[in-house]
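# Working through the structure, step by step
Okay, here's what each chain looks like letter by letter:
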There are 2 protein chains.
Amino acid sequence: MNGKPADLRVVRTKQAIRAALIALIEEKGFEAMSVKDITEHANINRGTFYSHYEDKFDLMDKCQQQLIEEMEIKIIRNIPQLIEGMKQSQNGTAPFAVPVPLFEFLHDNKSLMKALLGPRGDAGFQVKMKEFLSQALFERNKDVLVNGGNALVPPHYLSSYIASAHIGVIQEWLNGDTNEPPEEIARIISTMTINGPLFAAGLKGKDQA
Amino acid sequence: MNGKPADLRVVRTKQAIRAALIALIEEKGFEAMSVKDITEHANINRGTFYSHYEDKFDLMDKCQQQLIEEMEIKIIRNIPQLIEGMKQSQNGTAPFAVPVPLFEFLHDNKSLMKALLGPRGDAGFQVKMKEFLSQALFERNKDVLVNGGNALVPPHYLSSYIASAHIGVIQEWLNGDTNEPPEEIARIISTMTINGPLFAAGLKGKDQA
DNA sequence: TAAGATAATAAACAAACTGTCGTTTTAGTT
DNA sequence: AACTAAAACGACAGTTTGTTTATTATCTTA
């Protein structure tokens, strides 16, 4: 995919720009930052920025696109063999296995993810993440969403509900200082989704509101 | 709260600005719009804008603040008597009563809500909505979140999960063309929260993943 | 309905940011 | 060490910004 060996100066510059973007998103938000802000924070010449990106929107797009692509490679394509592994082991320890690589990835890209999903982040990226999550969580069994003979709610509301719920927990996790390991977050989130949030809270599953 | 009778010219101007904001959020997003864009779209003089708002951020803040305040008045303060009403009627038809006024309000302010919660909207507003929802949904029984002796997950993850899930369904509802009535959305969302999303999908509640 | 009040317009202003370009300097690659 | 490409520098016209002036239009209320 990448043919060129890459000049060290380029990677340094791009790293600096990316770091500046993250810092400035958290400091003042994407909408309030100027290209000048970015280049000053990155300690590079303004012209250099324009030799790499069209404008700040282009920068934002490319950062997001890169994240999404990496996630598709590392998570979506990995699902089949994950499921295969689950079938092998047979014990009940691994029903949360699918989300784990996701949370590991989020952890590895914490600073950017935190900025993009935070209060000064980008609502458009949240939409992309929701789409990705819907795909990752339901790809393997679309029939769940489609057959719906005995579904109590329209399927698209179901996937919206679950995907957004995941985003919410991810945001809470990234912002918090408790630093649970990826496996623990996978357990927490799966517990609420499978048993229902209220059951997970310690209430009964069906009656009691 | 409002002492002044209000000049008609002022309300007309403010309405035009508000409408322009909504249109431009959906057209190009808040970050990409200029004050000039707003005033041109609203057909007012640029100076007039600055006599009402400091800048576009001030405009955005005030629009959001107004929404939140109205919601607090119409929904939060209405909860006690809603619960009282539920106790009176006793039949099982009304466990979804609390969210109904919320969805009615969202429906009444659809255009602005859709813009603010949409892909070109404001992530900060989503955070405010999440806080509001947590308050509205859990205010009446905080103990659920606090006692947690038999809770399977940390309480703050539970409220994040549920509040975000609600936002997701609301977004889907506002964007869709199906136009379910507020009562139906309240039923859908409560069903998933109470029984668990997977149960609502037509699966068993606990085993089957 | 007329008088007084005030909101909106029009036009101009310096300041800042934008995107682009040509030249020079710096630094990495071979 | 020589070659090459990237980064820095400085300048440019074009926008947008936020403010201010004088003027016009319109609402309120007496």
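Residues numbered from 1 in each chain as written. Chains lettered and ligands numbered in written order. Predicted model: local features only at pLDDT ≥ 70, side-chain atom pairs only at ≥ 80, totals over all residues. Heavy atoms only, no water.

### A closer look at the confidence of the model for chain A
Confidence in the prediction of chain A, expressed as mean pLDDT, is 88, and 84% of residues score 70 or more. For residues 205–209 of chain A, every residue scores under 50 in pLDDT, and the model assigns this stretch 9 contacts once sequence neighbours within four places are set aside. (pLDDT = per-residue confidence, 0-100. Contact = heavy atoms within 4.5 Å.)

### Topic: the relation of the copies chain A and chain B
Once chain A has been moved 0.0 Å along the axis and rotated by 180°, it coincides with chain B to within an RMSD of 0.1 Å. Read as a symmetry element, the transformation amounts to a two-fold axis. Minimal C-alpha distance to the rotation axis in chain A is attained by A:Gly196, lying at 1.7 Å. (Least-squares fit on C-alpha atoms with pLDDT ≥ 70 in both.)

### Here's the deal with the protein's contact with DNA strand C
In the neighbourhood of DNA strand C, 21 residues make up the surrounding shell, with A:Arg12, A:Tyr50, B:Thr13, B:Asn45 and B:Thr48 lying closest. What you see for DNA strand C is that sugar and phosphate hold 68% of its atoms within 4 Å of the protein. One of the side-chain nitrogen or oxygen atoms of A:Arg12 is found 2.6 Å away from a phosphate oxygen of DNA strand C. Contact distances for DNA strand C include 2.9 Å between a phosphate oxygen and a side-chain N or O atom of A:Lys36. For the surface near DNA strand C, the per-class residue count stands at 6 nonpolar, 6 polar and 9 charged. (Near = heavy atom within 4 Å. Polar contact = N/O pair within 3.5 Å; in protein donor to acceptor, adjacent residues only side chain to side chain. Nonpolar A, V, L, I, M, F, W, Y, C, P; charged D, E, K, R; others polar.)

### Let's talk about helix 6 (residues 99–108) of chain A
Summarising burial for helix 6 of chain A: 7 of the 10 residues are buried, a large majority. For helix 6 of chain A, the full list of buried residues reads A:Pro99, A:Val100, A:Pro101, A:Leu102, A:Phe103, A:Phe105 and A:Leu106. (Buried < 20%, exposed > 50% of the residue type's maximum accessible area, 1.4 Å probe, protein only. Helix = DSSP H or I, 4+ residues; strand = E, 2+ residues; numbered from the N terminus.)

### Comments concerning the interface of chain A and chain B
Contact with chain A, which involves 54 residues of that partner, is made by 54 residues of chain B. Across the chain A/chain B interface, buried area totals approximately 4,900 Å², and carbon plus sulfur atoms make up 64% of it. Per-residue buried area on chain A facing chain B is highest for A:Glu31, A:Tyr157 and A:Tyr161; these three make up 16% of the total on that side. Viewed at the interface, chain B and chain A are joined by 0 salt bridges. At the boundary of chain A and chain B, one finds 14 residue pairs in polar contact (both at pLDDT 80 or more). Of all elements in the fold, only helix 8 (123–138), helix 10 (155–175), helix 11 (182–195) and helix 12 (197–200) of chain A reach the threshold of two or more residues within the side of chain A that touches chain B. (Buried area = accessible area lost by both parts, 1.4 Å probe. Salt bridge = Lys/Arg side-chain N within 4 Å of Asp/Glu carboxyl O.)

### Side note on the nonpolar core
Ranked by internal contacts, the top residues of the largest apolar core, which has 120 residues, are A:Met113, A:Met192, B:Met113 and B:Met192. Look past the residues within four positions of A:Met192 in its chain and what remains in contact with it is A:Val169, A:Pro197, A:Ala200, B:Val153, B:Tyr157, B:Leu158, B:Tyr161 and B:Pro197. (Core = buried A, V, L, I, M, F, W, Y, C linked by side-chain atoms within 4.5 Å.)

### Let's talk about unusual backbone geometry
The backbone of A:Asn179 sits at a positive phi, close to 55°, despite the residue not being glycine. Among the secondary structure elements, A:Asn179 is positioned in the loop between helix 10 and helix 11.

### Topic: the packing of helix 7 (residues 110–117) of chain B against helix 8 (residues 123–138) of chain B
Residues and elements named next belong to chain B. At a minimum axis distance of 8 Å, the contact between helix 7 and helix 8 shows a crossing angle of 110°. Classified by the angle between their axes, helix 7 and helix 8 sit roughly perpendicular to one another. In contact with Met113, Leu116 and Leu117 of helix 7, helix 8 contributes Phe125, Gln126 and Met129. Here the residues of the contact of helix 7 with helix 8 are counted per class, giving 5 nonpolar, 1 polar and no charged. (Axes fitted to C-alpha atoms, helices over the stretch in contact; angles between N-to-C directions. Parallel < 35°, antiparallel > 145°, perpendicular 65-115°, else oblique.)

### Here's the deal with the protein's contact with DNA strand D
Of all residues adjacent to DNA strand D, which total 20 residues, the nearest are A:Thr13, A:Asn45, A:Thr48, B:Arg12 and B:Arg46. When the atoms of DNA strand D within 4 Å of the protein are sorted by group, sugar and phosphate make up 64%. Residue B:Arg9 places a side-chain N or O atom 2.9 Å away from a base oxygen belonging to DNA strand D. In the environment of DNA strand D, a phosphate oxygen lies 3.0 Å from a nitrogen or oxygen atom belonging to the backbone of B:Val35. Where the surface near DNA strand D is concerned, the elements lending two or more residues are helix 1 (8–28) and helix 3 (46–52) of chain A together with helix 1 (8–28), helix 2 (35–42) and helix 3 (46–52) of chain B. The residue inventory of the surface near DNA strand D, partitioned by class, reads 6 nonpolar, 6 polar and 8 charged.

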